[in-house]
Every structure is written in C-alpha cells, then in structure tokens.
Amino acid sequence: MPERRTVALVTLGCARNEVDSEELAGRLAADGWELVQDATDADVAVVNTCGFVEAAKKDSVDALLEANDLKAHGKTQAVVAVGCMAERYGKELAEALPEADGVLGFDDYADISDRLQTILNGGIHASHTPRDRRKLLPLSPAARQDAAGVALPGHGHAGGVATVAPAVAPDPETLPADLPAGVAPASGPRAPLRRRLDTSPVASVKLASGCDRRCTFCAIPSFRGSFISRRPSDVLTETRWLADQGVKEVMLVSENNTSYGKDLGDIRLLETLLPELAAVDGIERIRVSYLQPAEMRPGLIDVLTSTPKVAPYFDLSFQHSAPGVLRAMRRFGDTERFLELLGTIRGKAPQAGVRSNFIVGFPGETEADFAELERFLTGARLDAIGVFGYSDEDGTEAATYADKLDQDVVDERLAHLSRLAEELTAQRAEERLGESLEVLVESVAPESDSEEPAVGRAAHQAPETDGQVIFTSGAGLRPGRMVEAKVVGTQGVDLVVEYCDFPGDDPRTPGEEAAR
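Analysis parameters
- Residues numbered from 1 in each chain as written.
- Predicted model: local features only at pLDDT ≥ 70, side-chain atom pairs only at ≥ 80, totals over all residues.
- Heavy atoms only, no water.
- UniProt positions renumbered as here; feature names shortened; annotations may be inferred.
- Helix = DSSP H or I, 4+ residues; strand = E, 2+ residues; numbered from the N terminus.
- Buried < 20%, exposed > 50% of the residue type's maximum accessible area, 1.4 Å probe, protein only.
- Contact = heavy atoms within 4.5 Å.
- Areas by Shrake-Rupley, 256 points an atom, 1.4 Å probe, with all protein chains shown as cover.
- Salt bridge = Lys/Arg side-chain N within 4 Å of Asp/Glu carboxyl O.
- Core = buried A, V, L, I, M, F, W, Y, C linked by side-chain atoms within 4.5 Å.
- Pairing = 2+ DSSP bridges.
- Axes fitted to C-alpha atoms, helices over the stretch in contact; angles between N-to-C directions.
- Expected span 1.5 Å × (residues − 1).
- Disulfide = S-S within 2.5 Å.

Looking at an unreviewed UniProt entry, one finds the chain named Ribosomal protein uS12 methylthiotransferase RimO, with Streptomyces liangshanensis as its source organism. Reading the Function (unreviewed entry) entry of the UniProt record for the chain gives the comment "Catalyzes the methylthiolation of an aspartic acid residue of ribosomal protein uS12." Quoted verbatim from the Sequence similarities (unreviewed entry) field of the UniProt record, the comment on the chain reads "Belongs to the methylthiotransferase family. RimO subfamily."

Each helix and strand counted, the chain has 14 helices and 20 strands in total. Here the chain holds 516 residues, and the buried ones make up 53% of them. Within the chain, contacts between residues at least 6 apart in sequence are counted, and of these 73% link residues at least 24 apart. A total of about 22,500 Å² of accessible surface is found on the chain, and carbon and sulfur atoms cover 50% of it.

So, about the pattern of salt bridges. Overall, the coordinates contain 40 salt bridges when judged by the stated rule. A single network of salt bridges, built from pairs that share partners, joins Arg381, Asp383, Arg428, Glu431, Arg432 and Glu435.

Attention now moves to the nonpolar core. Core analysis: the biggest nonpolar cluster contains 64 residues, and Leu252, Leu274, Phe314 and Leu316 have the highest contact counts within it. At six residues, helix α8 (residues 269-278) tops the list of elements feeding residues into this core. Among all residues touching Phe314, those that are not within four sequence positions of it are Leu291, Met296, Ile301, Leu304, Thr305, Ile345, Ala352, Gly353, Val354 and Arg355. Counting residues in hydrophobic clusters, the runner-up holds 23 residues, among them Val7, Val82, Ile119 and Ala151.

Now for the sheet that holds strand β17 (residues 454-457). In space, the five strands of this closed barrel follow the order β16-β17-β18-β20-β19, with mixed pairing throughout. Neighbour-to-neighbour, the strand axes of the sheet open up by a mean angle of 50 degrees, direction not taken into account. In this structure, strand β18 (residues 469-471) lies alongside strand β20 (residues 494-501), joined through three bridges in parallel fashion. Within β20, the position partnered with Ile470 by the bridge is Val496.

This part covers helix α7 (residues 232-244). Compared with the 18 Å implied by 1.5 Å per residue over 13 residues, the 18 Å span of α7 between its first and last C-alpha is a close match. For α7, the set of buried residues is Asp234, Val235, Leu236, Glu238, Thr239, Trp241, Leu242 and Ala243. The first or second residue beyond α7 is Gly246, which carries a positive phi of 95 degrees.

In this structure's numbering, the residues bearing the UniProt feature "binding site: [4Fe-4S] cluster 1" (unreviewed entry) are Cys14, Cys50 and Cys84. Separation in sequence by 71 residues is not matched in space for these annotated residues, since their most distant C-alpha atoms are only 10.6 Å apart. Relative to the helices and strands, Cys14 resides in the loop between β1 (6-11) and α1 (15-30). Among the residues examined, Cys14 registers a relative accessible area of 24% and is labelled partly exposed. Counting through the fold element by element, Cys84 comes out in helix α3 (residues 83-89).

Right, let's talk about the state of the cysteines for a bit. Going through the model one piece at a time under the given rule, you end up with zero disulfides. In this structure Cys211 is not part of a disulfide, and its nearest cysteine sulfur, from Cys215, lies 6.4 Å away. Of the residues examined, Cys211 reaches a relative accessible area of 11% and is grouped as buried. A disulfide-free cysteine, Cys218 has its sulfur positioned 6.2 Å from the sulfur of Cys215, the nearest such atom. With a relative accessible area of 22%, Cys218 lands in the partly exposed category.

Below is the structure:
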C-alpha cells in the first residue's frame, strides 16, 4: 500500500495565485498526495508566495517562517516556497531564508510531486536561477501560441485539461455533452488540472498570463513573462467544471484582460467569450477583473454592461490621473479622459461598479500632480479605491529615476489620500441607498450571531478587494444562492440590505414561508 503523504497549500497574494495553488493541488492529488487544509497536519507545507511589493514580500517571508516553526511542534517535515517571490528571487531567496527546505520556480510546477517527494526524503532540489521570462516567448504575440516548453501556471497542460479519476464512478447521464472522444466514461469526465481548496461559491479562472505593457514601476512582466491567452475552449471547459463543483460566480483573472485574444488573432475575443461563459448551466455571474483604461473599447463596454449574468463591473487600473506622472509611469490618459470613460460606462449602466488602485509619491510627483489626482477621485465616484505609496522595485525603470520624493512626503500623501478614499467610497455606498441588487450569498452565520447574520456580494463588489453586503436577517438564506435585495443602510463601504425575493427555485425549507 502506498505511503500516505499529506500536503497543505498556503496561498498569499492575488486571485491569480489562488488559481495556481489549485493547479498545484490538482497535480499533487492526481499523484496520490492527500490535501489537508491545516499546515500543522501536513508532511509538507507549500507556501505560494507573492512578490509584487515590499509589504507582500514581507508577508510571504513571515508565512514561510511561521510554517517552519511547525517543524518543531507538529508533523510538518518540510516547508517549500513556490509562487512569484520564489520565481523572482530563486537562489537569492534560498540563501537568505535557509528555513525553507526548497524554493521552486514555475518550471518546477509540472513535476511538483517529484520535487516535494525529493525534499521530503531529505534530498535537495537546486533552487533555480531567475531569468527574464519575457524572453521565453516570441516577440510577436501571434507566434506565442505555438511556443512549447514554457511554464504557464494556471493554464494546465495538453490544452489545459487532464483526465482525473473521480472518487466514485460517474453516472453516464451526468457526463458533459462535450466529453472529448476517446475518454472512457469509467475514467470520469475530463476536468481541468485543478483541485478546489475551499467550498466558496466563487472561483477565479485564468484568462491569460503575463503582460506586454512596460509600466516603469512594475516588475511583474519580468517574472510572469509576456502576455499569452488561454484558448476559449479551455476557459469554457474549466468554467463548466467549476459549475459542476457548485461554483456560482466565476471571476476572470490575468495581468491584463483587455488584451485577451490579441495573440489568437482577435483582440475582440473577450466580447465573444463572455456571453458563452454566462450561458454555462449553473453559473449565475461572470466577473472580469484587471482592465486597462487605455485598452477599453466601445464593444467591450457594451458587452460588460448589457449581457445577462455578466457583472457590469470595471476594475480599471488608473494608477494616477496627472498626465506628467502617467507619462513617467509609461501609461496614458488624464483626468478628463478617465472621467469621460466613466461617464460612458455609467451612461450605459448607472449601477455599474468601478474600482481602481493608485500610486502616490511617484518620482517627480509635484503638489499640483497630487492635487490633480485628488480632483479626479472626487469626481470619479469609485466604489472601491486602493492607495499605495511608491517604493522602488528591483529591476524596474522607475527605480533608476533621480527625482525621488522624501519618504516622509510619500507617507504624508499616502495617509491623506487614504483618508479621502475612505470618505469618498463611503459616500458612494450611501448613493446606493434604496437600490435593488442581486446578491450572491457567501456565508450564513449561526442564529446566535446577530451582527452579521448573512454576508454576500453584489455585482459591483469583487471578492476580497471591495466591500460586502450584510443582510439584516439570515433566515431562509444559504451560501451559493442569488437573491434580490434592497439597500437599507451602509457601514462605510459595506451595504446593509433586506432580501426581497429568490429568483428561480425558492431555497427555503417547508414552513419557512409560513413563518415569514
């Protein structure tokens, strides 16, 4: 009988990392590893790190050190770093953090089971030497789809799918109609190379990887590589599989979703794909994240604001609004153009949700530039705002700029704009008083919890990054149900609602209707 091997995946950073962790989980489960939620119960703790900004890197190191402590107190025998920070720093991270028993890059993902087994057996797998992953794919986007041998986390293999044996024999009547030829029903339907790590009714799907933009403050393209789209059939297959797992909302993620399809010969491919995804049985909402303002086009705005089950949600990466700062960032636009874009969106969908992130204290940012950013935020009426103080990132062009601001100036502007953002998003939430919303219920608390009996999210709220919806009563609600609700109050950026109706089948148990 094979030896029982247990592994826990600890995920930090963005939704893209969550997808990568579930791919790693799928690979490990297919090779006989038992997945456990708590690292204290695992033989190997795999920490999927984030390497974006200094705060995220510190969180990743702290998580690795915390996992390492388990080796003295629990059953954990090895701690392994994967993810962006591991890919970005490789040997340097391994030398600086000897507590990690292994530092694995993206190229190790296809052989993750063997790598972990080697480490668990006391062997050593040499940490990789970081390289600029933009150079691994052809310069021409059209030639990238034929490139072989390049690791693309979250894309799977052999077209993004793998046959995974189910725990029980499947019912032939429940097999998908598009089951590929040659896959016997006894082996189970073809599923993405992925294993869910939670039971949330929301899951992310990778639309693409990498980025071709050259923002001067961002190092992501150097370790995530150039932009490459997943094929629509792979995205659809994975969405159907997630629907079968009970997922109700799918969030499409990548470094830049507005570029989807450019390497497949159709820059408007997203406009075609979204209605197909929304038509997948069981899916109640499709959400698109990571949109570049400079790449927004009328047709995409139309599809995002008018397609049933596609959330009118715009995660727009503005970063700033002063023209001089944007040009120094190697970005485009200004306050007036951005306000015009928001006006176009809200002219088509007044309830549309908009969020964005901003960098303050960028090299050369003047007081006038900062005031221009304040002017934009005041007029933009954004639902969620993230504000970050500038810091140098290794290997970026901005790190070489000479006109750096004093840290106390950066800190002061960060604090000021953060306070303003909090006020503005609270005001935007108050504008929604009286609105009717479709809310996806995500959790229902025990009856003893009177403060937040049930929590969910409306179309203008993405997981983790935005506010949430708090129900006045949890009676008759359960996670995964889409309900109609009316906004009756606010708590900062969060909305307080009373549910009004259940579209479709009523999920309440017999007797609940009479009790209302």
